[in-house]
Amino acid sequence: MNQYLKHDEWSIIEEGFDPKNARASESIFSLGNGLMGQRANFEEHYSGKTLQGSYVAGVYYPDKTRVGWWKNGYPEYFAKVINSTNWIGINVLVNGERLDLAQCKVELFTRVLNMKEGTLERSFVADMPSGIKVRVSSKRFLSMSNPELGVIKYKVTPINEKAEITLQPYLDGDVINEDSNYNEKFWEEVEKGFLSNGGYLITKTKKLDFTVGHGMYSSVSVGGKIINEYSDSAQRSKYLGCSYSHKVDKGEDFTLIKYVAVVSSLNVDKDKISKSIKDNIDIALSKGFDLLLNEHIEAWADIWVHSDITIEGDVAAQQGIRFNIFQLSQTYTGKDERLNIGPKGFTGEKYGGSTYWDTEAYCLPFYMSTHGQKVARQLLLYRYKHLEKAIQNAQKLGFKNGAALYPMVTMNGEECHNEWEITFEEIHRNGAIA
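In short, a report on the structure. (Residues numbered from 1 in each chain as written. Predicted model: local features only at pLDDT ≥ 70, side-chain atom pairs only at ≥ 80, totals over all residues. Heavy atoms only, no water.)

Now for the sheet that holds strand β4 (residues 36-38). Spatially, β3-β4-β5 is the arrangement adopted by the three strands of the open sheet, whose pairing is antiparallel. Each edge of the sheet is formed by a strand with only one pairing partner; in this case those strands are β3 (31-32) and β5 (54-56). Alignment of β3 against β4, held across two bridges, turns out to be antiparallel. Counted as the bridge partner of leucine 31 is glutamine 38 from β4. (Pairing = 2+ DSSP bridges. Helix = DSSP H or I, 4+ residues; strand = E, 2+ residues; numbered from the N terminus.)

Put into structure tokens, the structure is as follows:
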């Protein structure tokens, strides 16, 4: 086993950068708030092996099944929660040279997932090919108190000489799913536009017509002095970005706070998404980074009061049990009966983010014990509202008179896993769900 992470009771800690661990760390250090999730991708450009992943709960795509033959009851599609607009991106240029951890020497690299507070922090020193050194630090959270908001504080500091630093926050909806059955891109652009110190991008899925809007606003300062006017902008299909450039003295901080609103048609009428984006950005700006962070930490504190498990004398076990509690709590909050628990949460594409029988077998007892009857009841309502589809699943196999076969894998109650042996031979899930 590759034991590259430090043991700590409340945090997951990675010290030193090894590209071989990059994709694993992107999963392990992921964040979520029940409404959306984000892999621990770097904000700056990274040309090494990576899996970019930004996910919106309940938004999925019916990817046509790829199979050589069809059997009775075989699902026509495999539903998957899909990679959506990359909202964390911030390109970094140092004297015109792009910061890329795959192309420079990396020193003093540290990444910390603070499970108690629900934050991800990262810091490192980059020795650029040109010889200039910069220190970079970032802090990110997906708000538990304002679940349509994600916030990043990103700071660059020249160490050995003065430098022209350019920070380019952007929204990029031209994304792919690595597990696409036919290498298809799932999104189409609906609308985009620039706002004061930011902009918005609205996209929709090519099937089922889910619509998701992302909006960003950047607050930028050098040495504590606000310089919010961006110097340039860029846009192309499904992409929008701004550029902030400044000559930064040795030892001086160039800081960008990126506020992002993520709004989906599951919760807002499609024709009101752009307004909802602006309203959420206004909320973020009225509160500011510190207040948003404090409210987020308080929300996590309330979760831990009801769900923490203490293990004495074994730090590794203590870290492990809290990691499991953390992942469950950030994946599902029980506020929406249309949502459920993907086996990998918001950490990646495996299992498609779909609902398995594992929810009742393994997760429901946890929520009943830690989150109150209202949260557990939402999980039961999810199955109750899928009963008609379960009856249809049974009919495909010749059962009658209201017999129900709950799906092995589902989004909307219909069986949607593209392996026949799993979908219609593993019928033990009926007993597990009941």
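Counting 93 residues, the largest nonpolar core has Leu99, Phe254 and Tyr367 as its most contacted members. With near-sequence residues (within four places) excluded, phenylalanine 254 lies in contact with Tyr154, Lys155, Val156, Ile165, Leu167, Val220, Ser221, Val222, Ile227, Tyr244, His246 and Val248. Tyr259, Ala261, Ile277 and Ala284 belong to the second-largest nonpolar core, a separate cluster that totals 18 residues. (Core = buried A, V, L, I, M, F, W, Y, C linked by side-chain atoms within 4.5 Å. Buried < 20%, exposed > 50% of the residue type's maximum accessible area, 1.4 Å probe, protein only. Contact = heavy atoms within 4.5 Å.)

Before going further, it helps to examine the layout of surface pockets. Size it by volume and the largest pocket reaches roughly 520 Å³. Its residues placed into classes, the lining of the largest pocket shows six nonpolar, seven polar and eight charged. Empty space within the second largest pocket amounts to approximately 450 Å³. Classifying every residue of the lining of the second largest pocket by side-chain character gives twelve nonpolar, twelve polar and three charged. (1 Å grid on protein atoms, 1.4 Å probe; cavity = no way out; pocket = protein on both sides within 12 Å on 5 of 7 lines; lining within 4 Å. Points joined across faces, edges and corners; volume = space filled by probe spheres on them. Nonpolar A, V, L, I, M, F, W, Y, C, P; charged D, E, K, R; others polar.)

What follows concerns empty space enclosed by the protein. Summed over all chains, the structure comprises four cavities of 30 Å³ or more. Roughly 80 Å³ of internal volume is contained in the largest cavity. Forming the walls of the largest cavity are Leu35, Met36, Val56, Ala57, Glu148, Val262, Val263, Ser264, Leu266, Asn267, Asp336 and Leu339. The element best represented in the lining of the largest cavity is strand β21 (residues 254-264), accounting for three residues. Across the lining of the largest cavity, the residue classes tally to eight nonpolar, two polar and two charged. Lining the second largest cavity are Ala40, Asn41, Phe42, Glu43, Arg111, Leu120, Glu121, Arg122, Ser138, Lys139 and Arg140. Broken down by secondary-structure element, the contributors of at least two residues to the lining of the second largest cavity are β11 (119-127) and β12 (133-142). By residue class, the composition of the lining of the second largest cavity is three nonpolar, two polar and six charged.

Read these as spatial facts, not as claims about activity.
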